[in-house]
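# Coordinates in review
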Amino acid sequence: MQTYPIPMTPGPVMVPPEILAAGQVNYGSGDTEPEYLELYNQTEAELRQLFATANRVVIQTGEGMLALWGALKSCLKPGDRVVAVASGVFGFGIAEMAESIGAVVKVVPIPYNQTITDWQAIEAALADYRPRMITAVHCETPSGTLNPLERLGQLKREYEVPLLYVDVVSSLGGAPVKVDEWGIDLALGGSQKVLSCPPDMSFLAVSDAAWEIIEQVNYPGYDALKPFRTAQQTAAFPYTPNWHGTAALHVAARRILDEGLENSFQRHAVVADYCRERLTKMGLSLYPARSAIASPTVTAVNVPEPLGWPEFDRRLRARGLAVGGSYGPLAGKVFRLGHMGSQADLDLVSRALDVIEDVLKTA
Ligand SMILES: *Cc1c(COP(=O)(O)O)cnc(C)c1O
């Protein structure tokens, strides 16, 4: 199998040995052993710090998408109104997911290369529509942008919207996420992005208001949140917990907290700046518009012409560098460098940029 000494895909990112080791232990059964509950509680406490919340954090087996689906299904009934703020693949995708489970969705569309600036459009949708839920995405990984969220929480309160649902899968740990301050009721995270674990776990901060609604909606299913409301008190999880995955998350969260959250944000910002400066100097153009906020965790770049994506990607891979392509309308047009978590490393990113420079020179 082909391996890449310079991994730069925006998830799954390189798993550090210390995290890998936590998943390679023969644990007992999380169903019956009190030690698992202790690990779960401890990991919950660590994730709370990453989310800057006093809310409960649910840890589920299954990658980020599981939490995205589970939170929608656990909180929405057919006919419920949703305002989806969408500026990329995930924002528009979440709107479609909510629709598919019967919600009535009003999308506030934003071009893929932009971030939220038109607060009036959002406000008008909330005033008209009086939704039960607002959905948004913090970092749109496929387009390398970071939406500002603070104002969304203020609008949620002003328009008395019960739930604010935010995908922070690829920002949490790499950019400030302030769940309580920003009034986020469902903050959704995944293991394979900044936390640098294998792609097998998800976790979400759930507000008291969200728990009330989860109770009323009473959704059953593998991805249901309801069983987690009492799981810690009764030591009864809805399925055999993934001890290995939880242990890896614990080590991963601990690493970020030991580094210091602010230091981690700073490391991501420094690496992102360095990456963009060098790419621009090479003559490449960044995908996000100048007026958009670029994410510190991922850089999206226009594919160099006339080389084109398949050939460019082939040449990078031949030199040991794996970058990410993109999705939806950006497929074939944009490539991405995921400098998040273990890959927010100046040395690694500089080696990746050397390869890109070399490929452009010989193109
Ligand atoms: C990666 C990602 C997801 C999905 O997470 P998986 O672990 O791939 O299921 C959701 N939202 C965003 C913004 C992501 O970057």
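Coordinates for the structure precede this section.
It should be emphasised that the depicted structure is a prediction, and the values quoted were computed from it without experimental measurement. (Residues numbered from 1 in each chain as written. Predicted model: local features only at pLDDT ≥ 70, side-chain atom pairs only at ≥ 80, totals over all residues. Heavy atoms only, no water.)

### Describing the packing of helix 3 (residues 64–75) against helix 4 (residues 89–100)
Between helix 3 and helix 4, the least distance of the axes is 10 Å, while the angle of their chain directions is 45°. Relative to helix 4, helix 3 is oriented oblique. Classified by chirality, the crossing of helix 4 by helix 3 is right-handed. Residues Met-65, Leu-68, Trp-69 and Leu-72 of helix 3 form the contact with helix 4, whose participating residues are Phe-90, Ile-94, Met-97, Ala-98 and Ser-100. Partitioned by chemical class, the residues of the contact of helix 3 with helix 4 number eight nonpolar, one polar and no charged. (Axes fitted to C-alpha atoms, helices over the stretch in contact; angles between N-to-C directions. Helix = DSSP H or I, 4+ residues; strand = E, 2+ residues; numbered from the N terminus. Parallel < 35°, antiparallel > 145°, perpendicular 65-115°, else oblique. Left-handed = near helix turned anticlockwise from the far one by under 90°. Contact = heavy atoms within 4.5 Å. Nonpolar A, V, L, I, M, F, W, Y, C, P; charged D, E, K, R; others polar.)

### Quick notes on the site of the ligand
Around the ligand, the neighbouring residues are Glu-63, Gly-64, Met-65, Phe-90, Cys-139, Thr-141, Asp-167, Val-169, Ser-170, Gln-192 and Lys-193. Between the ligand and the protein, one listed contact pairs an oxygen atom with a side-chain N or O atom of Glu-63 at 2.9 Å. Separating a nitrogen atom of the ligand from a side-chain N or O atom of Asp-167 is a distance of 2.5 Å. Across the complex, the protein chains shield 93% of the 380 Å² of accessible surface that the ligand would expose by itself. Residues that form the shell around the ligand fall into these classes: four nonpolar, four polar and three charged. (Near = heavy atom within 4 Å. Polar contact = N/O pair within 3.5 Å; in protein donor to acceptor, adjacent residues only side chain to side chain. Areas by Shrake-Rupley, 256 points an atom, 1.4 Å probe, with all protein chains shown as cover.)

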